[in-house]
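# Descriptive structure summary
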Amino acid sequence: MEKNRMPMANTPTTVLNKDKMSVFKEQDVVPFRNRVKEYATKIGMGLVNQTKLITAASELVRNMLRYAEGGDTLIEVISKGRENGIRLTFADKGPGIANIEQAMKDGFSTGKSLGLGLPGTKRLVSEFDIKSIVGKGTTVTVVKWKNG
Amino acid sequence: MHKFLFMKLETAKMLQKKKKQIIDLWMKNQLADSALREDLMSNDDLRAQSEELVDALLKKLTDDNLSNVDSADFEDIYEILGGVSITRARQGFSPRETGLYIYSLKDALLTILQQEFKNDPVQLYDISMKVSKLIDSFGIVTFETYIKGREEVILRQTDEITEISTPVIRVWDGILALPIIGTLDSARTQVVMENLLQEIVNTGSSIAILDISGVPAVDSLVAQHLIKTVSATRLMGAECIISGIRPEIAQTVVHLGIDLSNVVTKATLASALKYAYSILQLEVRKKQTTLVKSN
């Protein structure tokens with residue numbers, strides 16, 4: 001969508017700050033979200049983008065808790081050209097997703113949820129990447145640019 | 001070989017004999033520390049607590065289990081330690097103070113050992129390592145239980161917050177308002193829904209306003225919970241309005257693709273209330289006193 005809107009495809013991405021956090025119970029969701037919010041505020045992200053990022057983070061972290069009993073998250077402040085952003089990585093050792101294409105469709109859910117988590121998250125962030133190996137786990141990486 | 005065994009047997013027995021000395025030394029260590037909290041625990045209580053622990057430890061200590069930290073013999077001691085650290089957590093001792101309590105025992109034991117095995121450095125080293133390891137594992141247990149004690153307090157508070165933060169307010173005859181503050185998770189939604197539905201029955205209200213101004217983020221799970229609450233309210237024969245949708249929340253919900261079109265939503269509690277009045281065909285007007293006077 002908004003991806004590659006700016007001509008900076010060849011500019012290298014640098015990581016300015018890193019923060020790791022493990023999420024294993026529902027009580028961890030709020031502290032994690034607050035941590036993401038802290039970093040988003042620090043780089044001066046606007047309220048709307050902040051809310052989008054936090055909601056995306058919330059979706060992904062809940063997915064991790066629901067389907068993989070938790071996992072590790074990584075919050076990074078990154079910079080590419082003149083643009084700053086937040087990169088979130090969610091890695092779990094859960095059952096994995098057999099059909100990613102299907103999982104990315106609106107309304108599809110193996111659980112009893114609305115089925116908007118993954119496709120909705122993709123719409124909320126600037127860049128979205130999902131890798132999954134059945135039986136090994138799933139890693140989702142999202143980037144939200146400050147003005148993206 | 002025989003002599004070695006004999007020497008080993010000595011250690012536990014020797015320590016048992018020196019019990020009083022150990023306690024005295026330990027107390028001296030504790031009292032000497034500037035972090036001693038006489039305000040939280042009297043010296044007599046501290047001594048009683050320390051004596052109980054040393055007593056139990058020396059009673060169970062044999063040369064076999066000295067080198068086996070996981071020995072079942074120590075279960076009693078772990079229990080005492082657990083009790084000590086939980087009470088300390090509740091009394092408000094800091095982790096440092098609780099840690100010093102255990103580790104100053106190590107100092108006392110090592111001092112005694114040093115006096116005993118002055119002439120046998122190899123033996124002294126061996127025994128010191130074992131004692132040190134044992135006390136370290138006691139320290140770890142103390143910390144684990146200390147933190148568990150604190151966590152219990154936190155969990156209890158979480159429960160309390162869930163309970164108190166969902167009041168159902170009767171704003172008008174037939175209109176209920178429910179301000180939700182904080183994150184809506186499954187457990188919370190359950191409480192909200194129960195309170196709301198019960199209050200609808202109790203007051204015979206026909207309109208319920210769910211105000212989400214205080215909800216920091218609406219993700220698909222929260223939205224799903226909201227939709228469920230609205231459906232349940234409708235089943236009870238009441239209309240449900242969701243108010244307090246902030247601009248950034250509105251944008252996020254649209255991007256996520258959540259369909260809230262079947263739900264009446266308003267930006268503020270005031271406009272939700274206005275809408276509720278219009279459904280109930282009520283009108284709020286300024287008093288027209290001047291007219292009455294002129295008549």
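### With respect to the overall build of chain B
On a plain count of helices and strands, chain B comes out with 11 helices and 5 strands. Residue burial in chain B is summarised as follows: out of 295 residues, 27% are buried.

### Regarding the overall build of chain A
When you go through chain A residue by residue, the secondary structure sums to 4 helices and 5 strands. When its helices and strands are written in sequence order, chain A yields β-α-α-β-β-α-α-β-β. Counting across all 148 residues of chain A, residues that qualify as buried make up 34%. The contacts in chain A between residues at least 6 apart in sequence include a share of 66% that link residues at least 24 apart.

### Section: helix H3 (residues 43-60) of chain B
Residues and elements named next belong to chain B. For H3, built from 18 residues, the straight-helix expectation of 26 Å at 1.5 Å per residue is met to within 8% by its first-to-last C-alpha distance of 26 Å. Of all the positions in H3, only Ser50, Leu53, Val54 and Leu57 are classed as buried. Take H3 and look down its axis: the buried residues cluster within an arc of 95°, on one side only. Away from the buried face of H3 by more than 90 degrees, exposed residues Asp44, Asp45 and Ala48 are located. Close packing links the buried residues of H3 with helix H2 (19-32) and helix H4 (75-91).

### Things to note about the sheet that holds strand E2 (residues 71-80) of chain A
Residues and elements named next belong to chain A. Strand order in the open sheet formed by 5 strands is E1-E2-E3-E5-E4, with antiparallel pairing between adjacent strands. Taken across any chain shown, the strands that pair with only one partner, and hence form the sheet edges, are strand E1 (13-23) and strand E4 (127-133). Strand-to-strand, the axes of this sheet are offset by a mean angle of 15°, without reference to chain direction. Bridging between E2 and strand E3 (residues 83-92) involves 10 bridges; their strand directions are antiparallel. Directly across from Gly71, in E3, lies its bridge partner Asp92.

### Some points on the pairing of strand E2 (residues 175-181) of chain B
Counting buried residues along E2 of chain B, 5 of its 7 residues qualify, which places the element largely inside the surrounding structure. Of the crossover connections in this fold, the one passing from E2 of chain B over helix H7 (residues 186-203) of chain B to the parallel strand E3 (residues 207-214) of chain B is right-handed.

### So, the packing of H2 of chain B against H3 of chain B
Residues and elements named next belong to chain B. In contact at an axis separation of 10 Å, H2 and H3 are set at 140° when each is read in the N-to-C sense. Considering the angle they form, H2 stands oblique to H3. In this structure, H2 meets H3 at a crossing whose hand is right-handed. Residue-level inspection shows Lys19, Ile22, Ile23, Trp26, Met27 and Gln30 of H2 in contact with H3, the latter providing Leu46, Arg47, Ser50, Glu51, Val54 and Leu58. Class assignment for the residues of the contact of H2 with H3 results in 7 nonpolar, 2 polar and 3 charged.

### Considerations on the interface of chain B and chain A
With 17 residues of chain B in contact, the opposing surface of chain A contributes 21 residues. Contributions of two or more residues to the side of chain B that touches chain A are made by helix H8 (220-235) and helix H9 (247-256) of chain B. If one sorts the elements of the side of chain B that touches chain A by residue count, H9 of chain B sits on top with 6 residues.

### Thoughts on the sheet that holds E3 of chain B
All names here are of chain B. Taken in spatial order, the 5 strands line up as E1-E2-E3-E4-E5 in an open sheet, and their pairing is mixed. Looking at the sheet topology across the chains shown, the edges are occupied by strand E1 (169-172) and strand E5 (264-265). With 6 bridges joining them, E2 and E3 adopt parallel strand pairing. Counted as the bridge partner of Ile181 is Gly214 from E3. In the packing of H7 onto the sheet, the strands contacted are E1, E2 and E3, and the crossing angle to E2 comes to about 165°. Contacts between H8 and the sheet are confined to E3 and strand E4 (239-243), with E4 contributing the most and set at about 150° to the helix.

What counts, and at which threshold
Residues numbered from 1 in each chain as written. Chains lettered and ligands numbered in written order. Predicted model: local features only at pLDDT ≥ 70, side-chain atom pairs only at ≥ 80, totals over all residues. Helix = DSSP H or I, 4+ residues; strand = E, 2+ residues; numbered from the N terminus. Buried ≥ 20, exposed ≤ 12 C-beta atoms within 10 Å, placed from the backbone. Contact = placed C-beta atoms within 7 Å. Expected span 1.5 Å × (residues − 1). Arc of directions from axis to C-beta. Pairing = 2+ DSSP bridges. Axes fitted to C-alpha atoms, helices over the stretch in contact; angles between N-to-C directions. Right-handed = clockwise from strand over helix to strand, strands pointing away. Parallel < 35°, antiparallel > 145°, perpendicular 65-115°, else oblique. Left-handed = near helix turned anticlockwise from the far one by under 90°. Nonpolar A, V, L, I, M, F, W, Y, C, P; charged D, E, K, R; others polar.

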